[in-house]
Amino acid sequence: MKVERVSLDDIMALRVRVLRQGTPAKTANYTEDSYSDVVHLGIRMNGDVVATSSWFSKECPEHPDLPALQLKGMAVDATLQTSGYGRALVEAGLTLAKEREAQVVWARARDSALGFYEKCGFATAGDGFIDEPTGMPHHIVMRFI
């Protein structure tokens, strides 16, 4: 599996299909998609993006004093989850974070995905919260570089 940079158009259908399933939301656009330093990563299968994540500079609420990269929009096609695609995206994102001299990578993770993030070396921080677009419980997760 090869992780590559992809466009927002390449990933939007997957984001909506995976990240908005079972929620009232019909879009998965983020303000951060317009950041000048945003990088969308993807893994293709038969030409279609089947796994994606987006990465950009943004202050970590738990460590505002450290240079940080946020991970957002992590989505892996339901038929491929637990097959290493998510881990490959995280590893590529961590490489990007090192290149950008970030000291921490963080995300607003669904509680249902906390086990995945812990396996990737992230730690849960702070109190949980309900994510407004999805109505699902989330926590901040972070990993020091």
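Here the structure is a predicted model, which means the values were calculated and not measured. (Residues numbered from 1 in each chain as written. Predicted model: local features only at pLDDT ≥ 70, side-chain atom pairs only at ≥ 80, totals over all residues. Heavy atoms only, no water.)

Asks: Explanation requested: the sheet that holds strand S3 (residues 48-57) in the structure shown.
Replies: Adjacent strands of a sheet form backbone hydrogen bonds with each other and so pair up, either parallel or antiparallel. Taken together, the seven strands give an open sheet; going across it, the order is S1-S2-S3-S4-S5-S7-S6, and neighbouring strands pair in mixed fashion. Single-partner strands in this sheet number two, and they are strand S1 (3-5) and strand S6 (123-130). Going across the sheet, the axis of each strand differs from the next one's by a mean of 25°, ignoring polarity. Bridge count for strand S5 (residues 104-110) against strand S7 (residues 137-144) is seven bridges, and the pairing is antiparallel. Bridge pairing in S7 places Arg108 opposite Ile140. Along the sheet face, helix H1 (residues 8-19) touches strand S2 (39-45), S3, strand S4 (68-76) and S5 and points at about 100° away from the line of S3. The sheet strands contacting helix H2 (residues 85-99) are S1, S2, S3, S4, S5 and S7, and the helix crosses S3 at an angle near 30°. (Pairing = 2+ DSSP bridges. Helix = DSSP H or I, 4+ residues; strand = E, 2+ residues; numbered from the N terminus. Axes fitted to C-alpha atoms, helices over the stretch in contact; angles between N-to-C directions. Contact = heavy atoms within 4.5 Å.)

Asks: Please clarify how the pairing of S4 should be interpreted in this entry.
Replies: Here S4 lies mainly inside the structure; nine of its nine residues are buried. In terms of strand pairing, S3 meets S4 through six bridges, oriented antiparallel. Bridged to Ser54 within S4 is Lys72. For S4 and S5, the ladder comprises four bridges, and the chain directions are parallel. Note on S5: the bridge partner recorded for Leu69 is Val105. Following the chain from S4 across H2 to the adjacent parallel S5, one finds a crossover that is right-handed. (Buried < 20%, exposed > 50% of the residue type's maximum accessible area, 1.4 Å probe, protein only. Right-handed = clockwise from strand over helix to strand, strands pointing away.)

Asks: What should I look at first to understand the pattern of salt bridges in this one?
Replies: Two side chains with opposite charge may pair up if their charged atoms get near one another. One pass over the structure, following the stated rule, counts eight salt bridges. Between Arg44 and Asp10 there is a salt bridge; the shortest N-O distance is 2.9 Å. Within this pair, whereas Arg44 is found in strand S2, its partner Asp10 is found in helix H1, the two being separated by 34 residues in sequence. Accessibility expressed as a relative area gives 32% for Arg44, which makes it partly exposed. Glu32 is paired through a salt bridge with Lys72; the nearest N and O atoms lie 3.1 Å apart. In this pair, Glu32 is assigned in the loop between H1 and S2 and Lys72 in strand S4, connecting sequence segments 40 residues apart. By relative accessible area, Glu32 is classed as buried at 6%. Through salt bridges with shared partners, a single ionic network connects Glu4, Asp10 and Arg44. (Salt bridge = Lys/Arg side-chain N within 4 Å of Asp/Glu carboxyl O.)

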